[in-house]
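# Working through the structure, step by step
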Amino acid sequence: MTYQAKVYGRNDEVAALYKMFEAGRDVSMPGPRRLGKTFLLDRLVDAAPRYNWTAVKVELAGCADTRAVFRELCARIGTKRSGGARAKDWFLQRFSQFLGHRTELGGAWYQGLLTVDYESHFERLITAMNEDPQRRWLLLIDELPIFLKALHDKGSAGVAAARDFMNLTARLRQQNPKVRWMITGSIGIEPLAQAGAYVGVLAKFQAFELQPLSVTQAKAFVQDQAAAGHLPGRSSISNAEAEALVAAVGWRAAFYLDALAQKLGGAPSDDPLQARSAVEEAVNRLLLPAERATFGPWEEHLRKHYQEAERALAFGVLGSLAERDQGTDMDGLLAALGRPGLTRDDLQSLLVRLHAEGFVTIDGWDDDSPQCAFRNPLLRRWWSRYRPQAIA
Ligand SMILES: Nc1ncnc2c1ncn2[C@@H]1O[C@H](COP(=O)(O)OP(=O)(O)OP(=O)(O)O)[C@@H](O)[C@H]1O
Ligand SMILES: [Mg+2]
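Within any chain, residue numbers begin from 1 and follow the written order of that chain's sequence. Each chain is given a letter, starting from A, and each ligand a number, starting from 1, according to the order in which they appear as written. In view of the model being predicted, local features appear only for residues whose pLDDT reaches at least 70, and side-chain atom pairs are presented and counted only at 80 or more, with totals across whole chains, interfaces and linings using the full set of residues.

### Section: the overall build of the chain
Strands are runs of DSSP state E lasting at least two residues, helices are runs of H or I lasting at least four, and both sets are numbered from the N terminus onward. Scanning the chain from terminus to terminus reveals 19 helices and eight strands. The atom set for the radius of gyration is the C-alpha atoms, and the globule formula is 2.2 Å times the number of residues raised to the power 0.38. On C-alpha atoms alone, the chain measures out to a radius of gyration of 23 Å, which is about the 21 Å that the 2.2 N^0.38 rule sets for 392 residues. Reported as C-alpha extents along the three principal axes, the dimensions of the chain are approximately 70 × 55 × 40 Å. Looking at the 392 residues of the chain, the share that counts as buried comes to 36%. Throughout, a residue-residue contact means that the two C-beta atoms, derived from backbone geometry, are no farther apart than 7 Å. The long-range fraction of contacts in the chain, counting pairs at least 24 apart against all pairs at least 6 apart in sequence, stands at 68%. Counting other C-beta atoms within 10 Å of a residue's C-beta gives its exposure: the residue is buried at 20 or more, exposed at 12 or fewer, and partly exposed in between, where C-beta atoms are placed from the backbone.

Here's what the structure looks like:
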């Protein structure tokens, strides 16, 4: 599937990002679960040859230590999408003295580098990228904070390992100015950086804010999903239906647009009333218990990544907001929570985090009592129906 000709293919974002890389900037793209971060990284890899870069995407969510990160990077470079055999030859040549006879034994080309010296090899690899006369390398690091969090969860030795890793990347970036870096993440990286004392490393990344799809893009996306045969109940979606569906999804991430479109049944109709009722039926099907997988990651996110006290408060806040489809202001929320010990400041800092991670929207930060609501109206309805609790 080629997204280059699609209005929802994130082509403007790809162009904007390559402009930043061209200007020598490294980029940090935080963004909530399911927004489309990984999708955009894949489009950057696709587009790299057109922009005259060689891009390699590394997924860190499953990595338990720095060695695993290095292995993941080695495994991805030299693949068809990321430089191909000729790039691999370049690295093989640069590493010939370390690989020796090992490469003749079969197995992955980088097997001989995963030794106790892997950190020096990591440095040599980035240096080889920097000195590559044929290619300009772009490293796309998906879910850096989840990796750092996994390290932090191992205790003080893990926190030290996270700091070492971030200091290593800082040094590599400084020593290899031709290589560009982009990092993404769905959990806030700042609290980790503060706990691990590596805030300074992050300061040198330029932020890029990925937005949900526009209404036009969202409509085109669901209509294409139908036309391409990706929906069980529909091979076409009318304009009125696309309109109603996009409105019902509210937070226009492709993931939720698709999830709801999957539930659309009956015959297409361009009548606005009929379209709305077809969409409402689809919403009801999407909110059935069997669809847990569609909404579960949000709940799981809080369980996995929030400390106990913060987690209890987060579930309290979301439980309250789930009952109010227009949301409420901060005073209303404080009153609804009814926790005598809870200060406004505590609540505000939690809301900042829930906002950054896509759970809520906040209107009027500068007002005395900003307005907050669920960001994703479907998730709100799911939350209200199943009432997830801090202690499962
Ligand atoms: N613009 C788009 N066009 C078509 N499909 C998209 C688009 N954006 C995202 N998707 C699809 O939506 C799903 C979720 O997107 P993606 O995995 O990129 O989100 P994410 O932000 O990386 O989420 P997570 O934080 O959970 O990893 C994927 O199946 C992806 O292919
Ligand atoms: Mg992702």
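The rest of the description comes next.
### Examining helix 18 (residues 344-356)
Helix span, as expected, comes to 1.5 Å for every residue beyond the first. Here helix 18 is 13 residues long and its end C-alpha atoms lie 18 Å apart, about the 18 Å a rise of 1.5 Å per residue gives. Turning to helix 18, its buried residues number three or more, namely L350, L351 and L354. Down the axis of helix 18, the buried side of the element spans an arc of 105°, and every buried residue falls inside it. In this structure, the buried residues of helix 18 make contact with helix 16 (308-322), strand 7 (360-363) and strand 8 (371-374). Taken from the residues just after helix 18, G358 is the one with a positive phi, measuring 85°. By definition, the arc is the one covered by directions from the helix axis to the C-beta atoms.

### Considering the pairing of strand 8
For two strands to be treated as a pair, DSSP must find no fewer than two bridges joining them. Taken together, the two bridges between strand 6 (residues 328-329) and strand 8 define a ladder with antiparallel strand orientation. In the strand pairing of strand 8, D329 is matched with Q371. Sheet topology note: the strand 7/strand 8 ladder contains four bridges and is antiparallel. The residue of strand 8 that forms the bridge with D363 is Q371.

### Some thoughts on the site of ligand 1
To decide whether a residue is near a molecule or strand, its C-beta atom is placed from the backbone and checked for lying within 6 Å of it. The immediate surroundings of ligand 1 are formed by 14 residues, with G36, K37, T38, F39 and A254 found nearest. Those elements giving two or more residues to the shell around ligand 1 turn out to be helix 2 (37-51) and helix 13 (254-261). Element by element, the count of residues in the shell around ligand 1 is highest for helix 2, at three residues. Of the residues in the shell around ligand 1, the class split is six nonpolar, four polar and four charged. Counting contributing residues, the shell around ligand 1 receives three or more from each of domain 1 (11-207) and domain 2 (215-286). Three classes are used: nonpolar for Ala, Val, Leu, Ile, Met, Phe, Trp, Tyr, Cys and Pro, charged for Asp, Glu, Lys and Arg, and polar for all others, with Gly counted as polar. Domain delimitation in this document rests on an assignment produced automatically or drawn from a domain database.

### A short note on the nonpolar core
Note on definitions: a nonpolar core is a set of buried residues drawn from Ala, Val, Leu, Ile, Met, Phe, Trp, Tyr and Cys, linked by C-beta atoms within 7 Å. The biggest cluster of nonpolar side chains holds 52 residues, and the ones touching the most others in it are L44, L139, L140 and I141. Within the second largest apolar cluster, 47 residues are counted, among which are A244, W251, A253 and A275.

### As for the domain arrangement of the chain
Partitioning the chain into structural domains gives domain 1 (11-207), domain 2 (215-286) and domain 3 (297-386). Its C-alpha centre places domain 2 at a distance of 29 Å from the equivalent point of domain 3. Each partner contributes to the interface: domain 2 provides six residues, whereas domain 3 provides four residues.

### Remarks on the environment of L139
The topology assignment puts L139 in strand 3 (residues 137-142). Classification of L139 by C-beta neighbours within 10 Å gives buried; the count is 22. With 43 residues separating them along the chain, L139 and M182 place their C-alpha atoms 6.2 Å apart.

### Points about the sheet that holds strand 7
Strands sit in the order 6-8-7 across an open sheet of three strands; the sheet is antiparallel. Of all the strands in the sheet, the pair left with one neighbour each is strand 6 and strand 7. Note on geometry: axes are C-alpha line fits, over the in-contact stretch for helices, and angles between N-to-C directions span 0 to 180 degrees. Sheet strands in contact with helix 18 are strand 7 and strand 8, and its direction is about 120° off that of strand 7.

### Thoughts on unusual backbone geometry
Despite not being glycine, R10 shows a phi value in the positive range, around 65°. On the secondary structure map, R10 appears in the segment before helix 1 (11-22).

### So, the sheet that holds strand 4 (residues 180-185)
The sheet built from five strands is open, its strands ordered 2-3-4-1-5 with parallel pairing. Lying at the two open borders of the sheet, with one neighbouring strand each, are strand 2 (54-59) and strand 5 (206-207). Relative to strand 3, strand 2 runs parallel, the two sharing six bridges. By the bridge assignment, E59 is partnered in strand 3 with D142. The strands that helix 2 touches are strand 1 (27-30), strand 2, strand 3 and strand 4; relative to strand 2, the one it contacts most, it runs at about 155°.

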